[in-house]
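Chain residues, written in single-letter form:
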Amino acid sequence: MTGVIRLPVAPRPFRDELISSWMSRVATRFGLEVPDLTAYLAGQGATLPAMRQIDDTTPAPELLKVWARGCRIDPARLERLSLETRYRNRSRNWVSARTRGGISVCLACFDADVAAGRDGYIRASWKRVERVVCPVHKEILRDRCLECGAHLRASFRLRTGLLRVFCAKCECLLTGRGGARADQADPGFAKDILAFQN
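Fair warning: this is a prediction, and the values are worked out from it, not measured in the lab.

Caption draft 1: Highlighting the pairing of strand S2 (residues 162–167). The element S2 is largely enclosed, with a buried count of six among its six residues. Burial along S2 is two-sided: the residues Leu162, Arg164 and Phe166 and Leu163, Val165 and Cys167 are all buried. Bridge count for strand S1 (residues 154–159) against S2 is six bridges, and the pairing is antiparallel. Looking at the pairing, Arg159 lines up with Leu162 of S2. Connecting S1 to the next strand, S2, in antiparallel fashion are two residues, including Thr160 with a positive phi near 50°.

Caption draft 2: Representation of the side chain of Glu17 within the structure. Residue placement: Glu17 occurs in the segment before helix H1 (19–29). In this structure Glu17 comes out as buried when scored by relative accessible area, which is 0%. Side chain to side chain, Glu17 and Ser21 meet in a polar contact 2.7 Å long. At 2.7 Å, the side chain of Glu17 forms a polar contact with the side chain of Arg25.

Each value, and the rule that gives it
Residues numbered from 1 in each chain as written. Predicted model: local features only at pLDDT ≥ 70, side-chain atom pairs only at ≥ 80, totals over all residues. Heavy atoms only, no water. Buried < 20%, exposed > 50% of the residue type's maximum accessible area, 1.4 Å probe, protein only. Helix = DSSP H or I, 4+ residues; strand = E, 2+ residues; numbered from the N terminus. Pairing = 2+ DSSP bridges. Polar contact = N/O pair within 3.5 Å; in protein donor to acceptor, adjacent residues only side chain to side chain.

This is how it looks when you write it as structure tokens:
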């Protein structure tokens, strides 16, 4: 039996971050993929939690325990990142089921993260089925890469000391430059959509 394995340091989750986003940020900081870091944190000879895909809605409790212990964080804090805990009064059907783990994102939010001097990250509210427009930037959420056109799956890369968000397929940097502003297409569109989705 091995001793408890703990990382020397790990980024803390943002309050509105998806748990899969946080795990990916931590793993990227150590140059690993999430399953590899999970195996390391579980230790040799330990039974690994199921890792086919991280369930942002209801993550496996044993997975949260492994990560909480390894990252020196309260397990309850990680549980609060689950969509089921965030939105207790909603059924599972409200969570967007994107193609192969894809997600819709606000590219301007990623630019705002960099401007604020923090890592880019995936917001939990982007998984809500009714979320079409970013309430902060009034931009249509993107579900396809602007470069390759594939369903958007995010990956993280370290650039100038900050984790930036890239397209997992073509590896282009996801940024707000050239983003489709909803209010440019139709001045009333963003206002109407924002009223509907809140």
